[in-house]
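Chains, contacts and geometry: an overview
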Amino acid sequence: MKIGLIVITVLLALAVPALAATSPTGKSAAGIRAYYSSGDWNRAVKQQADKAKAYIAKRTKGKRAAKKPALVLDIDETSLNNYPCLDRKDGLPYQPAVYAGCVVEFKAPAIKPVLSVFKFAQKRHVHVVFITGRPEAIRDGTLDNLKAAGFKGKYDLVLQPPSHGGDASMVPYKSGARRQVQKRGYKILANLGDQRSDLNGGYSERTYKLPNVIYRTP
Ligand SMILES: [Mg+2]
């Protein structure tokens, strides 16, 4: 591993309090692998993605159409899938150092049903905003990874600023970021995330909780 990556890994694991507070779910490695390999994970994600699309469709046409509609997406385990890397590197159950190493490889594949929501929204002129707990320090790698995974075209990317230091919960940062989006005149129709902390705190008409059997972030 390059020195730069080690520095970033340490940054990720330590300097971001919510990531430092991330913990395993208690599920065994075998249990996690079975959940993915059985297709249960994909089915659960697709079910939520389909619901989000149906709501976006409803709010982007006819009399109920929102004027400046927006979609909010979390990144890790919502838009990008770190499971293949964690599986390959024996990072299951959740281990922070392995996980951080996977993130900074910037090679995570898209979570297909969510990529489909992303494209569905763009086609309907719904402004997409990624709001992630990843630190601002890895903006470029994150943009590269999103592009390679198929998240192309126009969107905003909000990463965690270094100033967001003292909070163990992601809720103040993430809900604050959504509030900023709405202050710009957007109406957030849907918000997709794999953690309750992606979704709590308001500023979205609908929230869609995706499964995460690997870790929990407060
Ligand atoms: Mg996530």
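Please read all numbers here as calculations on a predicted model, not as lab measurements. In this numbering scheme, every chain counts its residues from 1 along its sequence in written order. Residue-level local features of this predicted model are given only where pLDDT is at least 70; pairs of side-chain atoms are given and counted only at 80 or more, and the full residue set underlies all totals for whole chains, interfaces and linings. Excluding hydrogens and water, the side-chain figures rest on all heavy atoms present in the structure.

Examining the coordination of the magnesium ion
- Counted as coordinating are nitrogen, oxygen and sulfur atoms within 2.8 Å of the metal, or 3.2 Å for Na, K and Ca, while water is not included, which may make sites look incomplete. Ligation of the magnesium ion by protein atoms is provided by Asp74 (OD), Asp76 (O) and Asp194 (OD), these donors lying 2.0 to 2.1 Å from the ion.
- Three exposure classes are used, based on accessible area relative to the maximum for each residue type with a 1.4 Å probe and protein chains only: buried under 20%, partly exposed in between, and exposed over 50%. The class for aspartate 194 is buried, based on a relative accessible area of 2%.

Here's the deal with empty space enclosed by the protein
- Using a 1 Å grid laid over the protein atoms alone, points where a 1.4 Å probe fits but cannot get out form a cavity; open sets with protein on both sides within 12 Å along at least 5 of 7 lines form a pocket; any residue with an atom within 4 Å of a point counts as lining. Grid points are joined across faces, edges and corners, and a volume is the space filled by probe spheres set on the points. Under the criterion given, the structure shown has two cavities of 30 Å³ or more.
- The calculated volume of the second largest cavity comes to roughly 30 Å³.
- Along its surface, the second largest cavity is lined by Val72, Leu73, Asp74, Ile131, Lys174, Arg178, Asn191, Leu192 and Asp198.
- Charged means Asp, Glu, Lys or Arg here, nonpolar means Ala, Val, Leu, Ile, Met, Phe, Trp, Tyr, Cys or Pro, and polar covers whatever is left, Gly included. Here the lining of the second largest cavity is built from residues that sort into four nonpolar, one polar and four charged.

Describing the environment of arginine 124
- In this text, helices come from DSSP runs of H or I with a minimum length of four residues, and strands from runs of E with a minimum of two, each type numbered from the N-terminal end. Relative to the assigned elements, arginine 124 resides in the loop between α7 (112–123) and β3 (127–135).
- On the basis of relative accessibility, which here comes to 32%, the residue arginine 124 falls in the partly exposed class.

As for the state of the cysteines
- When the sulfur atoms of two cysteines come within 2.5 Å, that pair is taken as a disulfide. All told, the structure shown has one disulfide when counted by the stated rule.
- Residue cysteine 85 pairs covalently with cysteine 102 via a disulfide, S to S 2.1 Å. With the S-S dihedral at roughly -85 degrees, the linkage between cysteine 85 and cysteine 102 falls on the left-handed side. One end of the pair, cysteine 85, is in helix α5 (residues 83–88); the other, cysteine 102, is in helix α6 (residues 96–103), and 17 residues separate them in sequence. Both residues of the pair, cysteine 85 and cysteine 102, count as buried.

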